Amino acid sequence: MHEWVNRARVDPQADLAGCPAGNCAENIGGCYTPQNPLIWNGNAGRAARFHCAEMGRQAFFSHNSACTLVANINTLYPGSCNGSASCACVGGTSTCGGTGCTTPSERISLFGSGYSGEIIAAGYSTVDSAFYGWLWEPSSTTGCSFTSENGHRYLILKATSALGTGYESVGGSPYTQYYTGDFAGSNSPIPKIPSGVHYP
């Protein structure tokens, strides 16, 4: 997932060329130009992996957690807590206490990183299909700015922060497969090689 984000960032028009007609309406007038790749943020990566795990094991799909997370979740996951409500949530249940459900920025902070955005997906059978679900999401907005329609694409192609990604497959949950990208912290200094992978 991280590699696909960086590939799209350094040559956005190559990936956007496959966008279905009408889906990427803001891709006009130089909206998406080549950007530096995003470096890996390990804390954001753990937060992203945890969010996939909690969505799968608590059977929900949302940026907010389904409960108020315990304050020490970063020391529990993944060792002694797999994302289930019994270990991840205050009181051991998927309910929100007096402080409300834990937001993405609060969750990422619990894992030791700053927050500048989050993308989530569920139900896609492969990381490729999840990634292009984000990148080619339908949008009729023509302005080059972040909106509720193009937010995934805009974060992928315009964010200036670092990135952490996560995936979890949970049998018996509503979607089975969950994907999260957490944009967090500074993206500098850029190392010579931000990241690399062989695929498949």
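Structure shown above.
Residues numbered from 1 in each chain as written. Predicted model: local features only at pLDDT ≥ 70, side-chain atom pairs only at ≥ 80, totals over all residues. Heavy atoms only, no water.

### Remarks on unusual backbone geometry
Keep this limit in mind: Strands here are runs of E lasting at least two residues and helices are runs of H or I lasting at least four, both read from the DSSP assignment and numbered beginning at the N terminus. Here the term buried applies to any residue with accessible area under 20% of the maximum for its type, exposed to any over 50%, and partly exposed to those in between, with areas from a 1.4 Å probe on protein chains only.
Here the bond from tyrosine 77 into proline 78 is cis, since omega is 5°, no more than 30 degrees from zero. Relative to the elements of secondary structure, proline 78 occurs in the loop between helix H4 (73–76) and helix H5 (85–88). In the Ramachandran plot, alanine 59 falls in the positive-phi region, its phi being about 55° despite a non-glycine side chain. For alanine 59, the location among the structural elements is in the loop between helix H3 (42–58) and H4. Here alanine 59 falls in the partly exposed class, since its relative accessible area comes to 47%. Backbone geometry at threonine 176 places phi at a positive 75°, although glycine is not the residue there. Position of threonine 176 among the secondary structure elements: in the loop between strand E2 (161–169) and strand E3 (177–186). Residue threonine 176 is classed as partly exposed on the basis of its relative accessible area of 30%.

### Some remarks on helix H8 (residues 151–158)
What counts, and what does not: Two residues qualify as a contact provided that any one of their heavy atoms is within 4.5 Å of a heavy atom in the partner residue.
Counting buried positions along H8 gives six out of eight residues, so the element sits mostly inside the fold. What H8 keeps buried is the set Gly151, Arg153, Tyr154, Leu155, Ile156 and Leu157. Among the structural elements, helix H1 (2–10), helix H2 (12–16), strand E1 (117–122), helix H7 (127–135) and E3 are those in contact with the buried residues of H8.

### Some words on the state of the cysteines
Put simply, the test is: Only a pair of cysteine sulfur atoms within 2.5 Å qualifies as a disulfide here.
For the structure on display, the rule yields five disulfides. The disulfide partner of cysteine 31 is cysteine 144, and the gap between their sulfur atoms is 2.1 Å. The disulfide joining cysteine 31 to cysteine 144 has a torsion of about 80° about its S-S bond and is therefore right-handed. Placement of the pair is cysteine 31 in the loop between H2 and H3 and cysteine 144 in the loop between H7 and H8, with a sequence separation of 113 residues. For cysteine 31, a relative accessible area of 2% puts it in the buried group. Cysteine 144 sits in the partly exposed class, given a relative accessible area of 37%. One disulfide in the model links cysteine 96 with cysteine 101; its S-S distance is 1.7 Å.

### Focus on H3
Cut-off, in case you're wondering: To estimate the expected span of a helix, count its residues, drop one, and scale the result by 1.5 Å.
Helix length check: H3, at 17 residues, gives a terminal C-alpha distance of 24 Å against a target of 24 Å (1.5 Å per residue), a fit within 8%. Summarising burial for H3: 12 of the 17 residues are buried, a large majority. For H3, the set of buried residues is Ala44, Gly45, Ala47, Ala48, Phe50, His51, Cys52, Ala53, Glu54, Met55, Gly56 and Gln58. On the buried face of H3, the contacting elements are H4, H5, helix H6 (104–110), E1, E2 and E3.

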